[in-house]
Every structure is written in structure tokens, then in C-alpha cells.
Amino acid sequence: MARIKDTSVEAVKAAANIVDLVEARTRLRKVGARYTGLCPFHQEKTPSFSVSPDRGTYYCFGCHAGGDAISFVRETESLDFVGAIEWLADRFHVPLEYEESSPEADAKRRRRERLYALLEQAASFYERVLWSDSGQAVQEYLASRGLSEEACREFRLGLSPLGATLSNKAREKGFTREELAAAGLVTRRGSDYFQRRLMFPLTDARGRVIAFQARKLHEDDPLRGKYVNSPESELFHKSNVLYGLHLARPAITKEDRATVVEGNTDVIALRQAGLQPVVASMGTALTERQLKELARLTRRVFLCFDADAAGEEATLRGMELAIREGFDVRIVALPKGKDPADDPAGLEEGLGQAEAYAVHRVRLELDRARDKQHAYLQVQDILNRVPESPERHDAWRLANDRLGLTVQLRAAGSAATGAASSARLIDAGERLERDALAGVVAHPKLVRLLEEMTPEHFDDELHRQMRAHLIEEGRSPEQELVPLLAELDARAAAEAIDEATGKELLLRLRERHLRRELAVADPDRTKDLQEAVAKVRAAVSELA
């Protein structure tokens, strides 16, 4: 991939308005020179999210998310650095320039851009066909499923016509047969791949169309499956895609939960009914890549698959993988023969009664075990892998009631008191370093005192890097330092660290370093170090 020029990156940073970006996700209130609001990254009732328009940064005192416009877009849109820059450039109308790269890399980038453009035009074409007179029958079908035109348009549903209409129009616009094949839009013979089917555009994290899923409408359709996806391509891999994620992402982040269903129409119907943090797993069990996409937004997943044998197995596979990936998994029970879209109000109630992983998993094993001994061993194995929690106890009690005997489990481990105490001491040391650096961020005059200190005054490597950045005034921070810079700026404002307090914090950091040296010093250095400590203490007393 061609590298974006540094000048373009800086131009994007300068043009990006952090307040506009954040307000698209959560309501902000101006307080002095800053803005505050509910954090878009986790659920909270009391605002702990702080935005600095002057520095272009944000920080949450609740979940500790922090950064700049690039960080915000990376997190909320699930993009890498380059993708975030391109997203921001498009949002704030900043032209990008790329470094010179190999002809092969340039050709690959141009090819992908043309494929995206082709697929976007295909989606628009299918949309026009659906909402024309020729799509009247399909419009009526959608209405019979309870799907409004507004909801269908939001998800850009379309209709593929009979014949080679799409491919002919695409070639008229300059796209080649090879490009049509690479985008999965034509067969080997050159005719349209999808014909007379209801079209669901599939998108990537940036909302760009990368493929289609098509539903059968006619019995004589040459494509056998009721639902058929575009062929796998350089843009589309089925195991990577969660249907509706680009629309559900803000709600997933805000509500800190994702409901995963099987069907596309379930997603549309539920969003239409007001349930927004909903995605579909493309009719398969959740994959590792899909879970990684969700992990950027939440660790709470509600699985709601059809109540048939295939749905049960999909739930089980997705559940096991999600647990291994560290998710809090809940299972929503559906009545036999019912889809989530059949009763959106009932599903919302079901979310409140969703069963924890441990309970559901034990119940499943009890129901399908061949005998009591087999059930006992299976339940024991499952619960020995579950950490101590109320859900683990509920599952254990369920097993005991059903089996009529007590399942013997290993005790779940817990952290030692000494370790917790040690962590508190480490936190205190880190806090001193951070507050001292926060004082320098808020009061640049203190940079002179920071320059007199060495990297060894700081235990944390990231703090050492921040020290180096602050004494090199005028240089933009490396991207990995941006979250810390955002936190320091917010902390200085929240704790009202004035210049005198900042100076005192730096002196205390210097005193800590001197006392450490004194503890291991040779006798001939002891007196000098004691005098140095006394001078620092005197300076601190004067400030107090």
C-alpha cells in the first residue's frame, strides 16, 4: 500500500474537528474551554468524557480511552491508521498525496479503487431497479415481511434484473470484463452473476460495498441456494463480514453490547423496531475475525440464533470461540420456528432474560448427555474452566438439581492480597510521574525543569518517551503517544494543576530519584546526596 505523505497527515490533523466527530456519537456540553459528555466507548450515567478542542484530543476518566481525531476514528470505525486518515480526509475534504511507490503497488491500489467504484455503482444500480415500477412485486414482498421502505433504503436493498443489464451498463462506463469478474458480478460466460434476486449489499468497516448477498425470489433460479453470496475475492471474505456492522457500530459502542443474529432481514427488522446494536453473522457461527471486529467495540455479546438444530450448533460454536476470546456471552432463547424479526418486542424482553454462558452450556450438556455419569463428567469439565462468578454458581446449582448429586469442582483462583497491595504501590508511582508530566503539558514554562531531569527519573517507558517529546517543543507527537498526551491534558484540567503544583510534582519526582540513589550509594557519595535531598525538600516547602 502506498504511504500517505507526512504533509497530508498533518493537513488532515489540522482540518479534523474533534468536537464534530465526537458529537456524532454522544452529546457534549461546553464547560469552560473544554467539552464534557457521556463516554461513547462505554455505558455510564455520569459524564466522564472530556474533549479539548484546542489540542484536538479526548479522554475518558471512566474507561481511560484517549487520543486524537485519528484515534477516535480508528476506534469507532474499526480502521487502521491509513484507513482513518483516508476517512478523515474524505470527511473534512482534505486532498491526500502519496509517497512514490513501486509501479506494482500503485497498480494494485488503483485496481482496488476501481473495484470499490464498480461495486458502489452496482449497489446504486440494484437500488434503482428495486424502487422502479419493475420492482413493484418485490416491494410488496418486503412490505409483507414488515420491512418499511425507509429501513430497506437505509440498508440499500436492491433487485438484480434479468439478463446482462448490469454488466452491459458497467462496460459502457469503462469497466472491463476482468474487473466485473474480480468484483464477483459476472459469470465465466460474461452474464450477470445475480439475476432476479433481492440484493443485500455487504460492506467493510468503512461502509464501502465489497460484495452482495442475494435472496432467491423465483423457483427457476439457476443459483441453487436460497441465499447466495458473491464469490470470495481480494475485497470480500465471508468470514470477515458482520452484516450491518457499519450502521450498528455507534449503538454497540454506546450501549456496550452487540446482539448477533443469523439473518440480514432480522437485522433490518430489529433496527426498524429500535434495536440498533444488532449484526448478523452471515448465516454461520461466529468466526475469529468477526469477533475481533466486535472486540474493538464491546466485550458483551448476546447470541440469538434460530431455535433449530443448525442454529443450536452455530450458537455453540460461536459461544465457545467468543468465551476463548474473552467475551461476556449471553444466549437469548427463541421459540421453536421463530426468527428474531418475528417478534422484535419479545426479543428486547429476551435480552433482559438472556442466559449466561455457563448456565446455558451446562443445561445443553445435561439435555444431550447419554447418561448421568457422562453428564457429570462433561459438566465438571465445563465448570472447571469457568472463573468464579455468580453465573458459575448458578450453573453448578442447576447441575446438582438435575443430577441429584453434588458436582465436585476445583476452586477458582483469586489474586493474592500481596499482589493487590503491590499493584497499589505501582499505581502510586505511576500517578506521580503522570501528574508531573500533566503539569508540564498544561504549563510549558515547566519544560526547563523537565530538561534538568533524565529518563531515569521515570520508571514507565512511555513516560520517558513523553519526556523526550515535551522537551523537543514544536514537534508533533508520535501516534502512540497521543492517547497519553490526551490523558495528561485532561488530567491537568480536571485536577486544576497550576504552575506551582506542577513544579512541586517535578521536585517530588526528583526527590524520589535522589532517595533511590541514596539507598545504594557508596559512603563517599552519601553526604552529597543527603544535601541534594534536603535542598529539594526545602524547595517543596517553599512552594507549600
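Details of the structure are given in the entry above.
Predicted model only: the values in this text are computed from it and were never measured.

1. Observations regarding unusual backbone geometry
Thinking step 1. Of note, His 93 is a non-glycine position whose phi angle comes to about 55°, a positive value.
Thinking step 2. Among the structural elements, His 93 can be located in the loop between helix 4 (81-91) and helix 5 (103-130).
Thinking step 3. Positive phi, close to 55°, is recorded for Asp 256, a residue that is not glycine.

2. A word on the side chain of Ser 71
Thinking step 1. One can find Ser 71 in helix 3 (residues 69-77).
Thinking step 2. Those residues in contact with Ser 71 that lie beyond four places of it in its chain are Tyr 58, Gly 66, Gln 479 and Val 482.

3. Things to note about the sheet that holds strand 3 (residues 49-52)
Thinking step 1. Taken together, five strands build an open sheet; the order of strands is 1-2-3-4-5 and the sheet is antiparallel. Edge strands, defined here as strands with exactly one partner in the open sheet, are strand 1 (28-31) and strand 5 (66-68). Looking at each pair of strands side by side, their axes are set apart by 20° on average, direction ignored.
Thinking step 2. Looking at chain direction, strand 4 (residues 57-60) and strand 5 are connected through three bridges and run antiparallel. When the sheet's bridge partners are listed, Tyr 58 is paired in strand 5 with Gly 67.
Thinking step 3. Lying on the sheet, helix 21 (residues 482-494) is in contact with strand 2 (34-37), strand 3, strand 4 and strand 5; it crosses strand 4 at an angle near 70°.

4. Quick look at a negative patch on the surface
Thinking step 1. A cluster of acidic residues, Asp 522, Asp 524, Asp 528 and Glu 531, forms a negative patch at the surface.
Thinking step 2. Assignment of secondary structure puts Asp 522 in the loop between helix 22 (499-520) and helix 23 (523-543).

5. Description of the packing of aromatic side chains
Thinking step 1. Enumeration according to the criterion identifies 12 aromatic pairs in this entry.
Thinking step 2. On the numbers, 5.8 Å between centres and 25° between planes, the contact of Phe 155 with Tyr 243 is stacked. Taken together, the residues span a long stretch of sequence, with Phe 155 in the loop between helix 7 (149-154) and strand 6 (158-160) and Tyr 243 in the loop between strand 9 (227-229) and helix 10 (245-255) at a distance of 88 residues. Judged on exposure class, the residue Phe 155 and its partner Tyr 243 are both buried.
Thinking step 3. Ring centres 6.2 Å apart and planes at 80° place the aromatic pair Phe 200 and Tyr 243 in the edge-to-face group. Of this pair, Phe 200 sits in strand 7 (residues 197-203) while Tyr 243 sits in the loop between strand 9 and helix 10, and the two are 43 residues apart along the sequence.

Reading guide: rules and limits
Residues numbered from 1 in each chain as written. Predicted model: local features only at pLDDT ≥ 70, side-chain atom pairs only at ≥ 80, totals over all residues. Heavy atoms only, no water. Helix = DSSP H or I, 4+ residues; strand = E, 2+ residues; numbered from the N terminus. Contact = heavy atoms within 4.5 Å. Pairing = 2+ DSSP bridges. Axes fitted to C-alpha atoms, helices over the stretch in contact; angles between N-to-C directions. Patch = residues over 30% accessible without salt bridge, like charges linked within 9 Å, V, L, I, M, F, W, Y side chains within 5 Å. Areas by Shrake-Rupley, 256 points an atom, 1.4 Å probe, with all protein chains shown as cover. Salt bridge = Lys/Arg side-chain N within 4 Å of Asp/Glu carboxyl O. Lys, Arg positive; Asp, Glu negative; His and termini not counted. Charge placed at Lys NZ, Arg CZ, Asp CG, Glu CD. Phe/Tyr/Trp six-rings, centres within 6.5 Å; stacked < 30°, edge-to-face > 60°. Buried < 20%, exposed > 50% of the residue type's maximum accessible area, 1.4 Å probe, protein only.

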